[in-house]
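# Understanding the architecture of this molecule
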Amino acid sequence: MTHTPHHPSLRDWAMLLVLTLLWGSAYAFIKHAVISFSPSALILVRIGGAAILLTGWTYARGHRLPPLNDRRWLWFGALGLFGNTAPFFLISWGQQTIDSSLTGILIATMPLTTIALAHVFVPGERMNARRLAGFLIGFGGVVILLGPVALQGLGGSGLLAQIGILCAAICYGINAVLARLLPDTPPSLSGAGMLIMGALLCLPFGLWDLTRMPAAPVSAWLSVFWLAIGPTALASVLLMQIARTAGPSFLATVNYLTPVAAVATGLLIGETLGWNALLALVIILAGVWIARKKAVPPPV
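Residues numbered from 1 in each chain as written. Predicted model: local features only at pLDDT ≥ 70, side-chain atom pairs only at ≥ 80, totals over all residues. Heavy atoms only, no water.

In this structure, Leu19, Phe37, Leu42, Ile91, Ile107 and Ile242 are the most contacted members of the largest nonpolar core, which totals 76 residues. If you tally residues by element for this core, the top one is helix α9 (residues 218-246), at 13 residues. Among all residues touching isoleucine 242, those that are not within four sequence positions of it are Met15, Leu16, Leu19, Gly247, Phe250 and Leu251. (Core = buried A, V, L, I, M, F, W, Y, C linked by side-chain atoms within 4.5 Å. Buried < 20%, exposed > 50% of the residue type's maximum accessible area, 1.4 Å probe, protein only. Helix = DSSP H or I, 4+ residues; strand = E, 2+ residues; numbered from the N terminus. Contact = heavy atoms within 4.5 Å.)

Below, the discussion takes up the environment of glycine 124. By the secondary structure assignment, glycine 124 is in the loop between α5 (110-121) and α6 (129-146). Considered as a pair, glycine 124 and glycine 247 are 123 residues apart in the sequence and their alpha carbons are 8.8 Å apart.

Moving on, we come to the packing of helix α7 (residues 159-181) against α9. It is at 8 Å that the axes of α7 and α9 come closest, and there the two elements cross at 65 degrees. As judged from the angle between their axes, α7 and α9 are roughly perpendicular. Once α7 is placed against α9, the crossing between them reads as right-handed. Packed against α7, whose contacting residues are Asn175, Ala176, Ala179 and Arg180, the element α9 presents Leu239, Met240, Ala243, Arg244 and Thr245 at the interface. Among the residues forming the contact of α7 with α9, the class breakdown is five nonpolar, two polar and two charged. (Axes fitted to C-alpha atoms, helices over the stretch in contact; angles between N-to-C directions. Parallel < 35°, antiparallel > 145°, perpendicular 65-115°, else oblique. Left-handed = near helix turned anticlockwise from the far one by under 90°. Nonpolar A, V, L, I, M, F, W, Y, C, P; charged D, E, K, R; others polar.)

Taken as a whole and assessed by the stated rule, the structure comprises six aromatic pairs. Their ring planes at 85 degrees and their centres at 5.2 Å tell us that tryptophan 73 and phenylalanine 76 sit as a pair that is edge-to-face. A residue pair is termed a helical-turn pair when its members lie 3 or 4 positions apart in one helix, as tryptophan 73 and phenylalanine 76 do in helix α3 (residues 72-94) at three residues. Feature note: the residues Phe37, Trp221 and Phe225 constitute an aromatic cluster, connected by ring pairs. We note arginine 46 situated over the ring of phenylalanine 88; from NZ or CZ to the ring centre the distance is 3.8 Å. One cation-aromatic arrangement involves arginine 212 over tryptophan 208; the distance from NZ or CZ to the ring centre is 3.5 Å. (Phe/Tyr/Trp six-rings, centres within 6.5 Å; stacked < 30°, edge-to-face > 60°. Lys NZ or Arg CZ within 6 Å of the ring centre and 35° of its normal.)

Positionally, serine 223 belongs in helix α9. Setting aside anything within four residues of it in sequence, one finds serine 223 in contact with Phe29, His32 and Ala33.

This paragraph deals with α5. Compared with an ideal rise of 1.5 Å per residue, which puts twelve residues at 16 Å, α5 spans 16 Å between its outermost C-alpha atoms and is within 8% of the ideal. Those residues of α5 not exposed but buried are Met110, Pro111, Thr113, Thr114, Ile115 and Ala118. (Expected span 1.5 Å × (residues − 1).)

What follows concerns the packing of helix α2 (residues 39-60) against α3. Contact geometry of α2 with α3 gives a least axis separation of 9 Å together with a crossing angle of 135 degrees. In terms of orientation, α2 lies oblique with respect to α3. Considering how the two elements wind past one another, α2 and α3 form a crossing that is right-handed. Taken together, the residues of α3 that come into contact with α2 (itself represented by Pro39, Ser40, Leu42, Ile43, Arg46 and Ile47) are Asn84, Thr85, Phe88, Phe89, Ser92 and Trp93. Classifying every residue of the contact of α2 with α3 gives seven nonpolar, four polar and one charged.

Residues Leu53, Val218, Leu222, Phe225, Trp226 and Ile229 make up a contiguous nonpolar surface patch of about 580 Å² in total accessible area. The leading source of residues in the nonpolar patch is α9, at five residues. For phenylalanine 225, the position within the fold is in helix α9. (Patch = residues over 30% accessible without salt bridge, like charges linked within 9 Å, V, L, I, M, F, W, Y side chains within 5 Å. Areas by Shrake-Rupley, 256 points an atom, 1.4 Å probe, with all protein chains shown as cover. Salt bridge = Lys/Arg side-chain N within 4 Å of Asp/Glu carboxyl O.)

Bringing the state of the cysteines into the picture now. Considering all chains together, one arrives at zero disulfides under this definition. Here cysteine 167 is not cross-linked by a disulfide; its sulfur's nearest cysteine counterpart is in cysteine 171, at 6.9 Å. The partly exposed category is assigned to cysteine 167, whose relative accessible area is 35%. Exposure remark for cysteine 171: the relative accessible area of 9% places this residue in the buried category. (Disulfide = S-S within 2.5 Å.)

Okay, structure coming up:
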């Protein structure tokens, strides 16, 4: 399949906004769920439930999974590993010992990984000074938004958890590039294949923990079910579509916008908005604008 450069359309921006809202709400639900679920049990229910939902919806739309000898299953396996199983486990494990603010800052390094990988592997996604500057400005905005004091938690007793979160960010960067390079496949079908393989990868450990854990409260189960439906099943379709039409570097901007959605969610439940959040929003949006601004061709 030939991949040509594509400038994001209004539809791409709308899908990115929905994806931002879905992922922006996920960290709070994860933080609540890991009180009752081990990371392995959590991701099995989350990914397995999402795989069932999305596969059923895909078949209802008339699509069929490819035969097992189709090479796309190798792609689905890689996407499931780097887009679901590995980062979901690492984030759930890390959030047992570090707070959501530091997690958000560490995950926000993902766009820098993405543009470096896309520069090498994706035609039309060349790194340049403008794009790099935009992403660095956006990262600075995330640090201001989540609070520079969160950086005081770097190192120390939570170092291994922080390394785990950084590895999750790298996994997401790899996944964004793989999704762009995937042979031509409908987004719902590729999302279902990715989730099926992701569920199979976490099945042995997740099933072991799930059958041995104490009974979880209803609120914890509801949190996991929402994680399966919204931030996993629906988000997988949007991720595949955005990567396919607008490219991995555009998709990577979601990691700067997601903390904004998380703060907005806090407003809805009565939290106050400080000056740092308003300043950070301006900086993040400026960084995204600079990174996505079309280069002006030199005069002939």
